[in-house]
Amino acid sequence: MRITKIFAVAALCVLASACSTDPKEIPDLPEQEIYEDALAALELENYVMAIEKLQLLEARYPFGRYSEQAQLELTYAYFKNYEPEAARASADRFIRLHPNHDNIDYAYYLKGLTAFEQDRTFFIKYLPLDESKRDPGAALDGFESFRTLLNEYPDSEYAPDARKRMVHLKNRLGAYEVHVAQYYIQRGAYLAAANRARYVVENLQQTPAVPAALSAMIEAYTLLDMPDLANDAMSVLKANYPNYEYRPVKESEKTLLDAATFDLLRGEPEQPKPVLSTLSSEEEVQKPKRSFLNIITFGLFGEDGEEENGEK
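Note that the coordinates shown come from a computational prediction; the quantities given were computed from them, not determined experimentally. All chains use their own residue numbering, which begins from 1 and follows the written sequence. Whole-chain, interface and lining totals are the exception, using all residues; otherwise, since this is a predicted model, local features are given only for residues with pLDDT of at least 70 and side-chain atom pairs are given and counted only at 80 or more. Computation of side-chain values covers all heavy atoms of the structure but excludes hydrogens and water.

Student: Outline the overall build of the protein, supporting the account with residue identities and numerical values.
Tutor: Secondary structure summary: the protein contains 15 helices and zero strands in total. Burial classes: relative accessible area under 20% of the type maximum marks a residue as buried, over 50% as exposed, and values in between as partly exposed (1.4 Å probe, protein chains only). Among the 312 residues that make up the protein, the fraction classed as buried is 35%. Considering only contacts in the protein between residues 6 or more positions apart, those separated by 24 or more positions represent 58%. Every helix listed is a DSSP run of H or I at least four residues long, and every strand listed is a run of E at least two residues long, numbered separately from the N terminus. By the convention used here, residues are in contact when the closest approach between their heavy atoms is within 4.5 Å.

Student: Any chance you could break down unusual backbone geometry for me, citing the residues and the numbers?
Tutor: With a phi close to 60 degrees, E45 is a non-glycine residue in the positive phi region. Along the chain, E45 turns up in the loop between α2 (31–43) and α3 (47–60). For Y82, which is not glycine, the phi torsion reads 60 degrees and is therefore positive. For Y82, the position within the fold is in the loop between α4 (67–80) and α5 (84–97).

Student: How would you sum up the packing of aromatic side chains? Please name residues and give values.
Tutor: Aromatic contacts are taken between Phe, Tyr and Trp rings whose centres are within 6.5 Å, Trp giving its six-membered ring; a plane angle under 30 degrees counts as stacked, one over 60 as edge-to-face, and the others as tilted. Under the counting rule described, the total for this entry stands at six aromatic pairs. Relative to Y158, the ring of Y106 has its centre 5.2 Å away and its plane inclined at 40 degrees; by these criteria the two rings are tilted. A residue pair is termed long-range when its members are at least 10 positions apart, and Y106 in helix α6 (residues 104–118) and Y158 in the loop between α8 (139–152) and α9 (159–187) qualify at 52 residues. Looking at Y106, the relative accessible area reads 18%, which means it is buried. Taken together, Y106, Y109, F146 and Y158 form an aromatic cluster joined through their ring pairs. Sitting over the face of the ring of F116, R165 holds its NZ or CZ atom 4.9 Å from the ring centroid. Either the NZ atom of lysine or the CZ atom of arginine qualifies as a charge over a ring when it sits within 6 Å of the ring centre and within 35 degrees of the ring normal.

Student: Give a description of the packing of α2 against α4 that names residues and reports values.
Tutor: Between N-to-C directions, angles cover 0 to 180 degrees, with each direction set by a line fitted to C-alpha atoms, over the stretch in contact for helices. The interhelical angle for the contact between α2 and α4, taken along N-to-C directions, is 25 degrees, at an axis separation of 11 Å. On the basis of the axis angle, α2 is roughly parallel to α4. Both α2 and α4 take part in a crossing whose hand is left-handed. In contact with E31, Y35, L39 and L42 of α2, α4 contributes S67, Q69, A70, E73, Y76 and A77. Tallied by class, the residues present in the contact of α2 with α4 amount to six nonpolar, two polar and two charged. An angle below 35 degrees is read as roughly parallel, one above 145 as roughly antiparallel, one from 65 to 115 as roughly perpendicular, and any other as oblique. A clockwise turn of the near helix away from the far one marks a right-handed crossing, whereas an anticlockwise turn of less than a right angle marks a left-handed crossing. Amino acids outside the nonpolar list (Ala, Val, Leu, Ile, Met, Phe, Trp, Tyr, Cys, Pro) and the charged list (Asp, Glu, Lys, Arg) are all regarded as polar, and Gly is one of them.

This is the structure we're talking about:
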């Protein structure tokens, strides 16, 4: 009697496990049919279904006819389904397992594209935010993937688009480094600011950030009391970017009197002396000093003897 009960319990367990199995996984579908279903799902942009089919194909036919291509399609499906970590891991796995595959360039391209888009969130895409002020993060990994693609497969059909994206990433990195250098200047880390700016000038040439980097070098070296280096940077700036206007980012420290009077008694910020010494007398801007009466009356009473056109 006891043995009969044991067999009955075992039969119920087997029946329950069979009922809990997903009905879609019961039939042993052919490899080609699963692959075609996955492609159909990709065409319909049903990436969740495509991922499910491709994972099933890889699990049942790891060495089948469509296994290698299915791995590439799975990487693409992860990318389109906004799963960047899974997409990059899938691309790395394909590159490691199939280094001589005919479509290895596509794997590098997908890996770079995934990293390129990973930091471009909804707010960056559709709102007027400065992307260059954000840490490039994963985008730098995309730059390395695109560079590998161009170096090893320069004739790839994906090379032109990868080259354009590299230019964008290079410009973004240069702008980010300049923002960091300016931040260091405002915080008093002048040596670190000079090094970050010099990195842009030396390694990210032909990017729009170079003149701003030179400007940061000028200010940082001036504040470090290195007039020779500051003047050298100014010479390079004027020789290559004559229309660029140098503006220091460092604000002079406020005193208690400045805060109490809302900066009404605060003088004009001084320009760095070593830098201005490189300018000719015609280029220097001479601003008349404001009297105390002119300041407290908000400019209603001009200077004595000053004409309306500003000439004495």
